[in-house]
Amino acid sequence: MSINILAIESSCDETSASVIIDGVVKNNIIATQSIHEKYGGVVPELASRAHQQHIVPVVNEAIADANITKSDLSAIAFTQGPGLLGALLVGASFAKSMAMALGIPVIGVNHMKAHILAHFIDDPKPQFPFLCLTVSGGHTQIVRVDAPLKMEVIGATRDDAVGEAFDKCAKIMGLPYPGGPLIDRYAKDGDPHKFTFPQTDMPGLDYSFSGIKTAFLYFLRDQVKSNPAFIEEEKNHLSASIQKTLIDMLMAKLKRASRETGIQRIAIAGGVSANSGLRSRLEEMKDQFNWEVFIPAFQYCTDNAGMIAMTAHFQYLEKDFCSYYAVPKPRMQI
Ligand code: KG4
Ligand code: ZN
């Protein structure tokens, strides 16, 4: 009998379903919610409603695409947290009801662990132990990973996440949400050395990204006073310079973490790992520091159910199931 798991992701603004069979991810169906663009950020109530609209077609497509039926399922997994409560509730309620009706186990998955375990979907897969820089809209962490289900946060942001810093700086430049990918795009045609911004250093392996956003805001406000067209004229250089600063900050602590732990197997995960500047900087580290580097495929960087399915498979092998009455955990920690 094969192990067939249906996984559902609904922590923020992507409704996604995936089927994994014997540890092989068969598909990764994603419905993106474009409704938030005009509001400059994710509106929680609208996200919940959109999840309700998308969840049935997305799940049906994942099951049909995997050439199985509901009765073939061994378990159903859902993102238990962290995330938006109302958004998590849609996926959790759907997964638990369906599992209960089918009489099969239900698996609650930690979204941040799943971003890291996305590295086990395709080859090359990292050996243990490795360090993972997990960078998303809500988190910035350096995680030591000793086994699929044994990981420890050794550094983290004390305030904003780096994805939030990307998005807020983009918003200050008048760009729509999510601005991270737009900064990435404009940065390609800009000079990263044209402007410099003060970097905040925190003790140990921790980060802080709230100061840089304020520095960026004040800098632009002053410039716009003397030249109202400043942002438009300098968009590419501003994007390249702020992106370089954020990447410099990320890399400084990652290098320190590698030095202190003696681990040279380095992975990145989460939405910001789609950033081309961060990806190429990490590639440079291969030769410079003799690192073995793991960069996820684009489809597994931002939120997706494929990574939830992969994590659920590891949990299934350990019989790490949850109750049919398990509640979402918006602040779930690794
Ligand atoms: O992991 P994710 O999809 O959702 C969360 O769990 O937060 O990450 C979303 C974040 C957003 O802040 C978005 O702007 C950022 O990832 N992001 C990027 C890029 N693609 C997504 N930031 C910079 N460059 C990109 N190419
Ligand atoms: Zn995420």
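Here the structure is shown first, and the text comes after it.
Residues numbered from 1 in each chain as written. Chains lettered and ligands numbered in written order. Predicted model: local features only at pLDDT ≥ 70, side-chain atom pairs only at ≥ 80, totals over all residues. Heavy atoms only, no water.

## Focus: the layout of surface pockets
Our working definition: Definitions used throughout: a 1 Å grid over protein atoms alone; a cavity as a set of points that fits a 1.4 Å probe which cannot get out; a pocket as an open set with protein on both sides within 12 Å along at least five of seven lines; a lining residue as one with an atom within 4 Å of a point. Grid points are joined across faces, edges and corners, and a volume is the space filled by probe spheres set on the points. Secondary structure follows DSSP: runs of H or I at least 4 residues long count as helices, runs of E at least 2 residues long count as strands, and numbering of each begins at the N terminus. Here the nonpolar group is Ala, Val, Leu, Ile, Met, Phe, Trp, Tyr, Cys and Pro; Asp, Glu, Lys and Arg are the charged ones; every other residue, Gly included, is treated as polar.
Computed from the structure, the second largest pocket encloses a volume of approximately 190 Å³. Taken together, 14 residues make up the lining of the second largest pocket; nearest its centre are Pro-192, Ala-240, Gln-243, Lys-244 and Gly-277. Going through the elements one at a time, helix 5 (180–187), helix 7 (230–261) and helix 8 (276–289) are the ones with two or more residues in the lining of the second largest pocket. When residues in the lining of the second largest pocket are grouped by element, the largest group, five residues, is from helix 8. Residue composition of the lining of the second largest pocket, by class: four nonpolar, five polar and five charged.

## Notes on the packing of helix 7 against helix 8
We count it as follows: In this analysis an axis means a line fitted to C-alpha atoms, helices contributing only their contacting stretch, and an angle means the value between N-to-C directions, from 0 to 180 degrees. Note on terminology: angles under 35 degrees are roughly parallel, angles over 145 are roughly antiparallel, angles of 65 to 115 are roughly perpendicular, and the others are oblique. Here a crossing is taken to be left-handed if its near helix is turned anticlockwise relative to the far helix by less than a right angle, and right-handed if that turn runs clockwise. What makes two residues a contact is simply this: any of their non-hydrogen atoms within 4.5 Å.
In the contact formed by helix 7 and helix 8, the axes pass within 10 Å of each other and the chain directions differ by 40°. What the angle tells us is that helix 7 and helix 8 run oblique. Taken as a pair, helix 7 and helix 8 cross one another with a handedness that is right-handed. Each of Gln-243, Lys-244, Ile-247, Asp-248, Leu-250, Met-251, Leu-254 and Lys-255 in helix 7 lies in contact with helix 8, whose residues at this interface are Gly-277, Leu-278, Arg-281, Leu-282, Met-285 and Phe-289. Here the contact of helix 7 with helix 8 is composed, by residue class, of eight nonpolar, two polar and four charged.

## Quick look at helix 2 (residues 85–102)
Formally: What a helix should span is 1.5 Å times the count of its residues minus one. Whether a residue is buried, partly exposed or exposed follows from its accessible area with a 1.4 Å probe, protein chains only, as a fraction of its type maximum: under 20%, in between, or over 50%, in that order.
Counted at 1.5 Å a residue, the expected span for helix 2 with its 18 residues is 26 Å, and the 25 Å between its end C-alpha atoms agrees. Within helix 2, burial applies to Ala-87, Leu-88, Val-90, Gly-91, Ala-92, Ala-95, Lys-96, Met-98 and Ala-99. Looking at the buried positions of helix 2, the neighbouring elements they touch are strand 1 (4–9), helix 1 (44–65), strand 5 (75–81) and strand 6 (106–110).

## Thoughts on the pairing of strand 2 (residues 14–21)
Stated precisely, the cut-off is as follows: Should DSSP find at least two bridges between two strands, the strands are taken to pair.
Counting buried positions along strand 2 gives eight out of eight residues, so the element sits mostly inside the fold. Of the two faces of strand 2, both are covered, the one formed by Glu-14, Ser-16, Ser-18 and Ile-20 as well as the one formed by Thr-15, Ala-17, Val-19 and Ile-21. Here six bridges tie strand 1 to strand 2, and the two strands are oriented antiparallel to one another. Looking at strand 2, one finds that Glu-9 is bridged to Ser-16. Linking two consecutive strands that pair antiparallel, namely strand 1 and strand 2, is a turn of four residues.

## Focus on the packing of helix 4 (residues 162–172) against helix 6 (residues 210–226)
At a minimum axis distance of 10 Å, the contact between helix 4 and helix 6 shows a crossing angle of 10°. Our classification of the angle between helix 4 and helix 6 gives roughly parallel. As for how helix 4 packs across helix 6, the hand of that crossing is right-handed. On helix 6, the residues that touch Lys-168, Cys-169 and Ile-172 of helix 4 are Lys-213, Phe-216, Leu-217 and Leu-220.

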